[in-house]
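Summary of the model geometry
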Amino acid sequence: DRPPRFHRKLICLSDGDGASSSPIRVMQWNILAQALGEGLDSFVQCPLEALSWSRRKYLILEEILTYRPHILCLQEVDHYYDTFQPVLAGLGYSSHFCPKPWSPCLDVEGNNGPDGCALFFDQSRFELLDSVNIRLSAIRIPTNQVAVVTTLRCRTTGRCLCVAVTHLKARSGWEWLRSAQGSDLLRHLQNLVQKHSSGPAGEPKTNIPLLICGDFNAVPSEEVYRRFSTSPLGLDSAYKKLSQDGLTEPEYTTWKIRPTGECCSTLDYIWYSQDTLRVDAVLDMPTEEEIGPNRLPSFSYPSDHLSLVCDFSFKEKD
Ligand code: NDP
Ligand code: CA
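The text that follows walks through the structure, step by step, so that each part is easy to find. Quantities reported herein were computed from a predicted structural model and do not represent experimental measurements. (Residues numbered from 1 in each chain as written. Chains lettered and ligands numbered in written order. Predicted model: local features only at pLDDT ≥ 70, side-chain atom pairs only at ≥ 80, totals over all residues. Heavy atoms only, no water.)

1. Structural notes on a nonpolar patch on the surface
Residues Leu65, Val87 and Leu91 make up a contiguous nonpolar surface patch of roughly 190 Å² in combined accessible area. Position of Leu91 relative to the elements: it lies in the loop between helix H3 (80-90) and strand S4 (93-99). Judged by its relative accessible area of 31%, Leu91 falls in the partly exposed class. (Patch = residues over 30% accessible without salt bridge, like charges linked within 9 Å, V, L, I, M, F, W, Y side chains within 5 Å. Areas by Shrake-Rupley, 256 points an atom, 1.4 Å probe, with all protein chains shown as cover. Salt bridge = Lys/Arg side-chain N within 4 Å of Asp/Glu carboxyl O. Helix = DSSP H or I, 4+ residues; strand = E, 2+ residues; numbered from the N terminus. Buried < 20%, exposed > 50% of the residue type's maximum accessible area, 1.4 Å probe, protein only.)

Printed below as a string of structure tokens:
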């Protein structure tokens, strides 16, 4: 007797012949750290039973297995070693995890260790070239936020891809810090692109395609969003493709009620290299009615953030 799952439709964007027969599916999701959800978040309309790990872990795994992404980027993972790494390894995923240096989970009694970012990839589709864990800096000072940056080779096409997952500093008043952290990540990615740019000698080089998935904790009007959308890396945000004009972010990627009030906003993004990748499909968002009056998390959905799922394919080289 559990409420139904959301029925989200995959919206196909490419017209017939342009669409790839074997796109790369990417999922971005802040899964809500178990210690934070039970200990610090104060989701006042969510019953405590809905927050129990014994319920939530199945709903999280069910969400992942419903869409079966080739690349899975998660934030607030505080059950990596005991749950996600072993379960997903059994399903053919290889992974990397970077804990936050001073995870707030550690302040919660009975915590399961620090939360952090995790990046999983389907080993049948990708071969690992390199992976680095990065502690993001702001004005050269190390911060409490991290990123995992993994370089992969697609076994289907032979093409390389660089994927990053991050979770920027939360809360209002920290816009400047998110902006600095975003700039630091862009700087790392710029260096990586320089290292991996390929092509025969004497011919123009093709830059390695980038995918950056994250809970940026920033609405689209923030400085860090502008830095990503205007960077020399040529990035665009995939979820804009859901909108009528193709230029507008969704109305929400997180929706919750705390004692301070309701928070319905867009904070999560999948950035991609416009020159080298094409968005073939985007998973639509559940409606306000489906989410329900008590918002998220709930008995139907285990996190206060919604998953973002997109299909990408490599553009033909010209
Ligand atoms: P952030 O401000 O980035 O937030 C941490 C988590 O809290 C996020 O996962 C965030 O979720 C969630 N959150 C956001 N808003 C709220 C809210 N209103 N109520 C409850 N939870 C919220 O944290 P930091 O990484 O900067 O870490 C701060 C903590 O780290 C401190 O509480 C401290 O315990 C610890 N710390 C300890 C240090 C030490 O020397 N011992 C040094 C530095 C930090 P979401 O992203 O989904 O919004
Ligand atoms: Ca959170």
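2. Some thoughts on the sheet that holds strand S9 (residues 210-215)
Taken together, six strands build an open sheet; the order of strands is S6-S7-S8-S9-S13-S10 and the sheet is mixed. In this open sheet, the two strands that pair with only one neighbour each are strand S6 (126-138) and strand S10 (235-237). Each neighbouring strand pair of the sheet contributes to a mean axis angle of 20 degrees, computed without reference to strand direction. In this structure, strand S7 (residues 141-154) lies alongside strand S8 (residues 160-167), joined through seven bridges in antiparallel fashion. Looking across to S8, one finds that Arg153 is bridged to Cys160. Running at roughly 145 degrees to S6, helix H4 (residues 175-196) makes contact with S6, S7, S8, S9 and S10 of the sheet. (Pairing = 2+ DSSP bridges. Axes fitted to C-alpha atoms, helices over the stretch in contact; angles between N-to-C directions. Contact = heavy atoms within 4.5 Å.)

3. Comments concerning the site of ligand 1
Near ligand 1 you find 19 residues, and of these Glu76, Lys100, Asp107, His167 and Lys169 are the closest. Contact distances for ligand 1 include 3.4 Å between an oxygen atom and a side-chain N or O atom of Asn30. One of the side-chain N or O atoms of Asn144 is found 2.8 Å from an oxygen atom in ligand 1. Relative to its unbound accessible area of 930 Å², ligand 1 is 70% covered by the protein chains. With respect to the pocket detection grid, ligand 1 is positioned in the largest pocket. Looking at the shell around ligand 1, its residues break down into five nonpolar, six polar and eight charged. (Near = heavy atom within 4 Å. Polar contact = N/O pair within 3.5 Å; in protein donor to acceptor, adjacent residues only side chain to side chain. 1 Å grid on protein atoms, 1.4 Å probe; cavity = no way out; pocket = protein on both sides within 12 Å on 5 of 7 lines; lining within 4 Å. Sits in = over half its atoms within 2 Å of the grid points. Nonpolar A, V, L, I, M, F, W, Y, C, P; charged D, E, K, R; others polar.)

4. Details of the coordination of the calcium ion (ligand 2)
Within the protein, the calcium ion (ligand 2) binds to Glu76 (OE) and Glu76 (OE); these donor distances fall in the range 2.2 to 3.1 Å. For Glu76, the position within the fold is in strand S3 (residues 71-77). (Donors = N, O, S within 2.8 Å, 3.2 Å for Na, K, Ca; no water.)

5. Comments concerning the sheet that holds S3
Within the open sheet, the seven strands sit side by side as S1-S14-S15-S2-S3-S5-S4. Their pairing is mixed. Since the sheet does not close on itself, it has two edges, and those belong to strand S1 (10-12) and S4, each with one partner. When strand polarity is set aside, the average angle formed by the axes of neighbouring strands in this sheet is 25 degrees. Most of the contacts of helix H2 (residues 53-67) go to strand S2 (residues 24-30), to which it runs at about 160 degrees, and overall it touches S2, S3, strand S14 (277-283) and strand S15 (308-314).

6. Some remarks on H2
Between its first and last C-alpha, H2 extends 21 Å over 15 residues, near the 21 Å set by a 1.5 Å rise per residue. Considered for burial, the residues of H2 that qualify are Trp53, Arg56, Leu59, Ile60, Leu61, Glu63, Ile64 and Tyr67. Buried-residue contacts for H2 involve S2, helix H1 (34-39), S3, H3, S14 and S15. One or two positions beyond H2, positive phi appears at Arg68, with a value near 45 degrees. (Expected span 1.5 Å × (residues − 1).)

7. Quick look at the packing of H2 against H3
At their nearest, the axes of H2 and H3 sit 12 Å apart, and the two run at 35 degrees to each other. As for the relative orientation of H2 and H3, their crossing is right-handed in sense. Across the interface between the two elements, Trp53, Ile60, Leu61 and Ile64 of H2 pack against Thr83, Phe84, Val87 and Leu88 of H3. For the contact of H2 with H3, the per-class residue count stands at seven nonpolar, one polar and no charged. (Left-handed = near helix turned anticlockwise from the far one by under 90°.)

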